[in-house]
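A closer look at the structure
Residues per chain, in single letters:
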Amino acid sequence: MKFDTPATTNPIDKLKVVGQPTDRIEGPLKVSGTAAYAYERHDVEPKAAYGYVVGAEIAKGRVGSMDLSRAKSAPGVITIVTAQNAGPLGKGNYNTAKLLGGPQIDHYHQALALVVAETFEQARAAAHLVEITYVGEAGEFDLAKAKDGSKPKPINGSPPDSKVGDFASAFAAAPVQVDATYTTPDHAHAMMEPHATIAAWRGDELVLWTSNQMIDWSRGDLAKTLGIPKEKVRLNSQFVGGGFGGKLFIRADAVLAALGARAARRPVKVALQRPLMINNTTHRPATIQRVRLGAARDGTLTAIAHESWSGDLPGGKPDSAVHQTRMLYAAANRMTATRLAVLDLPESNAMRAPGEATGHMALEVAMDELAEKLGMDPVELRIRNDTQVVPDGASEQGSAPKRPFSQRQLVECLRTGADRFGWSARNPRPGQTRDGQWLVGMGMAAAYRGAPTTKSAARVRLDTTGVVIVETDMTDIGTGSYTIIGQTAAEMMGVPLASVRVRLGDSLFPVSAGSGGQWGAASSTAGVFAACVKLREAVAQKLGFDPEKTTFADGQVRSGNRSAPLAQAARAGELVAEDQIEFGDLSKTYQHSTFGAHYVEVGVDPFTAEVRIRRMLAVCAAGRILNPKAARSQVIGAMTMGAGSALMEDLIVDKRVGFFINHDLASYEVPVHADIPHQEVIFLDETDPTTSPMKAKGVGELGICGVSAAVANAIYNASGVRVRDYPITLDKLLASMPLRA
Amino acid sequence: MRAFSYERARTPQDASIAVARTPEAKFIAGGTNLLDLMKLEIERPRHLIDVNGLGFDKIETTQDGGLRIGALVRNTDLAAHERVRRDYGVLSRALVSGASGQLRNKATTAGNLLQRTRCPYFYDPAQPCNKREPGSGCGALQGINRQHAVIGASQACIATHPSDMAVAMRVLDATVETLAPDGKTRSIPIADFHRLPGDTPHLETNLAHGELITAVTLPRPIGGAQIYRKVRDRASYAFALVSVAAIVQPDGSGRVAFGGVAHKPWRVEAAEPAMSRGAKAVSERAFTGAKATEQNAFKLPLAERTLAAVLAEARA
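Residues numbered from 1 in each chain as written. Chains lettered and ligands numbered in written order. Predicted model: local features only at pLDDT ≥ 70, side-chain atom pairs only at ≥ 80, totals over all residues. Heavy atoms only, no water.

**Observations regarding the overall build of chain A**
Stated formally: Helix numbers and strand numbers start at the N terminus; a helix is a DSSP run of H or I with at least 4 residues, a strand a run of E with at least 2. Radius of gyration: C-alpha atoms only; globule rule: 2.2 Å multiplied by the number of residues to the exponent 0.38. Pairs of residues are marked as contacts when any of their non-hydrogen atoms sit within 4.5 Å. Note on areas: Shrake-Rupley with a 1.4 Å probe; residue coverage comes only from the protein chains shown. Residues counted as positive are Lys and Arg, residues counted as negative are Asp and Glu, and His and the chain ends are not counted. Charge coordinates come from a single atom per side chain, which is NZ of Lys, CZ of Arg, CG of Asp or CD of Glu.
Tallying secondary structure elements over chain A gives 18 helices and 31 strands in all. Taking 2.2 N^0.38 as the reference for a compact globule, 741 residues should give roughly 27 Å; the C-alpha atoms of chain A span a radius of gyration of 27 Å, in line with that estimate. In chain A, 81% of the contacts between residues at least 6 apart in sequence involve partners at least 24 apart. When the accessible surface of chain A is split by element, carbon and sulfur atoms take 51% of a total near 25400 Å². Of the side chains in chain A, 80 bear a positive and 78 a negative charge, and the two mean positions are spaced by 2 Å.

Given below as structure tokens:
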């Protein structure tokens, strides 16, 4: 199905199942511990051997020598895979550094060997007997230093620099200016389930049960890495215990399990050890961002500039922190610039709302600083500068007319939030509000995230008992994909959700959009929609009904005054339909985006400068919400992650050695329950017929955009201390806090 | 984890002798710290002697009205004990501010005293650490040391002791009771139990090899407002940047010990006469000779401010 004209009324609009707050259908399996994740697929491979990864102990250089003799003779050891004996290996399209290093070492904890043994304990013990000497080389690990040698790099396929009007002159002439530099640290995905894989060879075919967000990308990358045809690789990720972008690509567990299984001639399972994960896998890169805002006295922005620097290994990509600045506020004169420095730290890559998550941390604090200089309410400042067209459009499309947003309810989000949060009670003068001993403050931020869609296929079966079975390689990384896909099929086929079975995450199934970039929900359900349209036609045909005039409801198929139970159509044999949704030019005609507003209240302890979040509210305008319960879970999870990056999350670089020192979950702190207060989420009523037949977008990444800035702004309002270097830990506040002893 | 042998001790004396005669033997009780370290091969015992069955799991009143806490009393049980809550509130509060519920259910009184530092260089076997590999150097000294000691450290080690419980016991003047392999018992004042790093940071206590902790005793209660205030980077389940254990009497006199600042719970009795003059006076004396790094210099004002908060709470 090609989607190239805005959707009209379709069966989804009935909203009997879609749009209803629905418990996740795989929930009982998860809470009872019976949902088998990759490492636990004893049902398919009960006798896998165990692999344990040996990571490099230097950041850059090469292996001097590697002595495997003690490890090989250790109890239970079956084989040891290294670059020396693995045979030639390619590199996947989506990987920057090699997943099996040696002799060259590109980053700390890059995998150098996999020890395979009969038991996990034997593999681990033997791994400690692998003796490696290193020849180290000097590397660059300090973004602030490497920044000067950085180079322009495109972001998301668009040029590194954007320019509209004459920023320099307009900024110089602006009566009110903000010019501030913000820094954000490296962040870890820190998902609960580590990267894990069981690999088995069936002749020349490779089967992997793994934990992955993008089945088809990873299938291709695995084939490329191993030098085998893509058709010979099968991937299954039926459950994924969190990804956040860290599992968009294959990682060392998948490649090493495959190599280990080949060498051991039996299935091998590998989970990346937690202490290895931080430096072995990818992370969100640190940024240095300079934001300059120029405004007239009435708050009208006349000049906006946003420059961002980040680092990555050679051949890597920059963080696209400037992206939202091209989209969010009107101003006649503007520029953005993205620069990438070469660093020898582990590989930078996508993490939840890559670019926007960090970009809002700068832009939306700069807006707060501007509001204060203007003596203007921060909400009103944002409303004053709203736009219904893409403000950077001229730079993207020459002199063509500026592109409209298909939907843009930013102002409604801001106003609704202000009203619901009690924003009018905020004292704009910082450090003035007390509740008992606590200094209390409120902060807010706008939120922007794109709403991309991408082609997605599904197969739908009507079995002989009338059960509808959906198959697609879409993944559910905790987001609720199983449920919204089931809801879509149920709505389309006119059956209750209980009559639908959803099978996901297997490369045997049609290729879906996968989970990433906030495109998964809208795209994958649209693919199921397309397949269901075909199945409806097949059902009508089978029953001898006119497909054009057939309706599906309550398990019945009706056409004129004829009706039949849906199951009847498959009585003689299962009906199968397959289709994919392909998206035309509507996303070029219209800018598809999601918008939101975050409101936060914090308390700051006047003695210790400890910060405690007291209330959080998010208002989201993100198209049709397919399952308000799952969507809310996505947003409160994202708000929690935003609280983490505001207050504590920080991969700390030892710039002498070149690694993240806090490489476990004890020392890389993410919020615990006690850090997170009551969270409220409001979804504005919105359907967007230009995005997909589902009229939906996504919320999983919108939810984090702006949260950290709202926290930072609330801290400023509470304490009067402006911190521009995240995370805002108490040591950065302390020196400027008045002592109240 | 290296292969190890395991035995269950039948008597305290057997346990002590079993460890003493094996150079690479260790006691195991709750195992909440030891097992993690064994998995990373930071601890590499060849032999473990399980002391869980030795019956040191009671809390009893001593003759002078104090409390004798068995070495195996779990942190959860100790924190919840009626007399601890009533008479030694600082201890109960310190305990519940540490670790998580699950860990406290398992962790023991003696094990808590013996837990090892959380320095990230100690935890990464690829990095130098004099505590893990004597003579290999200290990664933290010129590296990342925001969490590290601001006083009592050495050129060999600037790690902190991670326990909350021990800080409260220090302010309560607890005594550690032990049994040696030769059957002799001794009582070690908590002040003398932990060591400063000096040139031997791998030696963290003054216990001899094979010497088994049997109990910790607390002197008779001294009343006062008993407060434990732990300051950290998140609200729960994190080690202290700074903590304060204080007992403040109605007349303003009192005692104070600090956590998160040194290789052992930090208490300077000579600073305590200044309690009634406020936090600044006390901390100036308690931290005389402090040597902070650029990254952890904030701990000194933080310690003073945290004490100020505690004194304000005591007055309230």
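**Comments concerning the nonpolar core**
Where we set the bar: Residue types Ala, Val, Leu, Ile, Met, Phe, Trp, Tyr and Cys, when buried and joined through side-chain atoms within 4.5 Å, form a set referred to as a nonpolar core. To sort residues, take the accessible area from a 1.4 Å probe on protein chains only and compare it with the maximum for the residue type: under 20% means buried, over 50% means exposed, and anything in between is partly exposed.
Residues Leu 293, Tyr 599 and Val 602 of chain A together with Phe 258 of chain B are the most contacted members of the largest nonpolar core, which totals 128 residues. Ranked by residue count, the leading element in this core is helix 9 (residues 356–374) of chain A, at 10 residues. In this structure Leu 293 of chain A touches Phe 171, Val 176, Gln 177, Val 178, Leu 301, Ala 303, Ile 304, Leu 363, Ala 366, Met 367 and Leu 370 of chain A, once residues within four positions along its chain are discounted.

**Description of the pairing of strand 10 (residues 176–184) of chain A**
Residue and element names in this part refer to chain A. What counts is decided by this rule: Two strands are said to pair when DSSP picks up at least two bridges between them.
Burial along strand 10 is one-sided: Val 176, Val 178, Ala 180, Tyr 182 and Thr 184 are buried, and none of Gln 177, Asp 179, Thr 181 and Thr 183, which face the opposite way, are. Strand direction decides the pairing type here: strand 10 and strand 15 (residues 287–295), joined by 9 bridges, are antiparallel. Bridge pairing in strand 15 places Tyr 182 opposite Gln 289.

**Section: the pattern of salt bridges**
Residue and element names in this part refer to chain A. Rule in force here: Salt bridge, as applied in this entry: a Lys or Arg side-chain nitrogen positioned within 4 Å of an Asp or Glu carboxyl oxygen.
By the definition in use, this model includes 67 salt bridges over all chains. The partner of Glu 601 in a salt bridge is Arg 614, with the nearest N and O atoms 2.9 Å apart. Of this pair, Glu 601 sits in strand 27 (residues 593–604) while Arg 614 is found in strand 28 (residues 611–621), placing the two residues 13 residues apart along the sequence. Glu 601 gets classed as buried once you look at its relative accessible area, which sits at 10%. On the basis of relative accessible area, Arg 614 is assigned to the partly exposed category, the value being 28%.

**Overview of the sheet that holds strand 5 (residues 104–105) of chain A**
Residues and elements named next belong to chain A. Read from one edge to the other, the open sheet built from 3 strands follows the order 5-3-7, with strand pairing classed as antiparallel. Every interior strand has two partners, whereas the edge strands, strand 5 and strand 7 (131–136), have only one. As paired strands, strand 3 (residues 61–67) and strand 7 are joined by 6 bridges and run antiparallel to one another. Across the sheet, residue Val 63 finds its bridge partner in strand 7, namely Tyr 134.

**Examining the packing of aromatic side chains**
All names here are of chain A. Put simply, the test is: Centres within 6.5 Å are what make two rings of Phe, Tyr or Trp a pair, Trp counting through its six-membered ring; a difference in plane orientation under 30 degrees is then read as stacked, over 60 as edge-to-face, and the rest as tilted.
Taken as a whole, this structure holds 17 aromatic pairs over all chains when the rule is applied. Geometrically, the ring pair formed by Tyr 94 and Phe 249 is stacked, given 6.0 Å between the ring centres and 15° between the ring planes. Here the residue Tyr 94 occupies a position in the loop between strand 4 (77–82) and strand 5, and Phe 249 occupies one in the loop between strand 13 (233–236) and helix 7 (252–264), the gap between them amounting to 155 residues. Tyr 94 gets classed as partly exposed once you look at its relative accessible area, which sits at 30%. On the basis of relative accessibility, which here comes to 5%, the residue Phe 249 falls in the buried class.

**Focus on helix 16 (residues 628–647) of chain A**
The cut-off we apply is this: To estimate how far a helix should reach, multiply one less than its number of residues by 1.5 Å.
Over its 20 residues, helix 16 of chain A runs 28 Å from end to end, which matches the ideal 28 Å to within 8%, given 1.5 Å per residue. Where burial is concerned, most of helix 16 of chain A is hidden: 15 out of the 20 residues are buried.

**What about the interface of chain A and chain B?**
As a measure of interface size, the accessible area lost when the parts come together is often cited. How we decide: As used in this structure description, the phrase polar contact means that two N or O atoms lie within 3.5 Å; if the pair is within protein, one of them must be able to donate a hydrogen and the other to accept it, and residues adjacent in sequence are counted only when both atoms belong to side chains. By the convention adopted, Pro, Cys, Tyr, Trp, Phe, Met, Ile, Leu, Val and Ala count as nonpolar, Lys, Arg, Asp and Glu as charged, and the other residues, Gly among them, as polar.
Taken together, the contacts link 38 residues of chain A with 35 residues of chain B. For the pair chain A and chain B, the interface holds 4 salt bridges. Among the ionic pairs, Arg 229 of chain B bridges to Glu 610 of chain A, the shortest N-O distance being 2.5 Å. Across the contact surface, chain A and chain B share 14 residue pairs in polar contact (both at pLDDT 80 or more). Looking at the side of chain A that touches chain B, the elements with two or more residues in it are helix 3 (120–127), strand 29 (653–654) and helix 18 (730–734) of chain A. In terms of residue count, helix 18 of chain A provides more of the side of chain A that touches chain B than any other element does, 3 residues in total. Taken together, the residues of the side of chain A that touches chain B sort by class into 23 nonpolar, 4 polar and 11 charged.

**Notes on the sheet that holds strand 8 (residues 212–218) of chain B**
All names here are of chain B. Spelled out, the test is: Between the N-to-C directions of two axes lies an angle of 0 to 180 degrees, each axis being a line fitted to C-alpha atoms and, for a helix, fitted only over the stretch in contact.
The 5 strands lie next to each other as 4-5-8-6-7, forming an open sheet whose pairing is antiparallel. Two strands close off the open sheet at either side, each with one partner strand: strand 4 (59–61) and strand 7 (185–189). Strand-to-strand twist in this sheet, taken as the mean axis angle between neighbours without regard to direction, amounts to 25°.

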